[in-house]
Structures are given as C-alpha cells and as structure tokens.
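Structure at a glance
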Amino acid sequence: AGSPAAAAAAAAAAASASAANGQWPHDKFKALHANASPAGGATGAKIVVSNLDYKVSTQDIQELFGSVGPVAYAVVLTDSAGKSKGSAEVVFVQRNDALTAIQKYHGVPLDNRPLKISLVTGSLGQGGDSGKAAAGALA
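Now for a description of the structure that goes with this document. (Residues numbered from 1 in each chain as written. Predicted model: local features only at pLDDT ≥ 70, side-chain atom pairs only at ≥ 80, totals over all residues. Heavy atoms only, no water.)

1. Things to note about unusual backbone geometry
Not every positive phi belongs to a glycine, and N51 is a case in point at roughly 65°. Inspection of the secondary structure puts N51 in the loop between strand 1 (45-50) and helix 3 (58-66). One non-glycine residue, N112, lies in positive phi territory at about 65°. One can find N112 in the loop between strand 4 (109-110) and strand 5 (113-114). With a relative accessible area of 76%, N112 lands in the exposed category. (Helix = DSSP H or I, 4+ residues; strand = E, 2+ residues; numbered from the N terminus. Buried < 20%, exposed > 50% of the residue type's maximum accessible area, 1.4 Å probe, protein only.)

2. A closer look at the side chain of S84
The residue S84 is located in strand 3 (residues 84-92) in this model. A distance of 2.9 Å separates the side chain of S84 from the backbone nitrogen of G86, its partner in a polar contact. Every residue in contact with S84, bar those within four places of it in the chain, is listed here: Y54, V76, L77 and T78. (Polar contact = N/O pair within 3.5 Å; in protein donor to acceptor, adjacent residues only side chain to side chain. Contact = heavy atoms within 4.5 Å.)

3. Here we look at the nonpolar core
Counting 21 residues, the largest nonpolar core has I47, V49, I61, F65, V90, F92 and I117 as its most contacted members. Elements that contribute at least two residues to this core include exactly strand 1, helix 3, strand 2 (71-78), strand 3, helix 4 (95-105) and strand 6 (116-120). Among the elements that take part in this core, helix 4 stands out by supplying 4 residues, more than any other. Leaving out residues up to four positions away in the same chain, F65 has contacts with I47, V49, V71, V90, F92, A101, Y105 and I117. (Core = buried A, V, L, I, M, F, W, Y, C linked by side-chain atoms within 4.5 Å.)

4. Brief notes about helix 4
Looking at helix 4, one finds that the buried residues are D97, A98, A101, I102 and Y105. Buried residues along helix 4 cover an arc of 145° about the axis, so they all sit on one side. For helix 4, the exposed residues lying more than 90 degrees away from the buried face are N96 and Q103. Once helix 4 ends, the next one or two residues include G107, with phi positive near 85°. (Arc of directions from axis to C-beta.)

Scope: geometric values only; no functional claims are made or implied.
Rendered as structure tokens:
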C-alpha cells in the first residue's frame, strides 16, 4: 500500500488528470497568461531591457519596473550556468505602463550602465508580430 511504485503511480495519475484539464502545476507562465490580456480592455506589453550590469537581479528589475505599473512577469535572462546574460524581459499588465517605462528609463544609468529598452510589438495573446522589437523608440 505504501510502496514507492504505488506512490509513483498515484503521482502519474494526478499529473494525467491535470494534463487532461489543460492545467499543469509547474506552468511558470500561468501568471503571465492570467494577467496579460484582460477581455475587452487594454492588453499587456513586453519590453526587453539590455546593457544590464551582471550583478542586477530579477528582484532589482521587478522593483524598478514595478514602480511604473503592475508587472505580470519579469526575469533577468541567464545562461545554462545561471550567469546573467545582461538583459531582462518585463511584461506589463497594461501597454501604457510599458511605454511609460521606456520613456522614463531608456538611457538612464543603472549601476553605471545606460539601460537600453525595446518594446516588443504586437498584443500579448493575439499572435501576429509579437516577436518583433522596436528599439528604444516610440511611434
């Protein structure tokens, strides 16, 4: 009854039930999809922040851009060894907050390095050209 095989079988059954419902407990993007595109309202927007000092943490990015508006997701990008690549991605709940962040912080030094911020165009969750970036400029 308490064997490791029985425990593994129970865990597999629970995972299969979750998968059948389209819900995975380890889906790290759950919050992003839940907050990024409210029905009938403004959609979120993603920015890419580059030229970061390698000591800047995800928490630093969350605090800095969270002061502009609600952030659905923020992370400093790292290599396979966990070392910073010197860039980050930030997804704002509201597109206007992303635009404000670019106006406020593009070119501003953080740890003696001027931030380079690009808006990733397109609406989140809408497909289309969401992978293209507009480098530091607002149209």
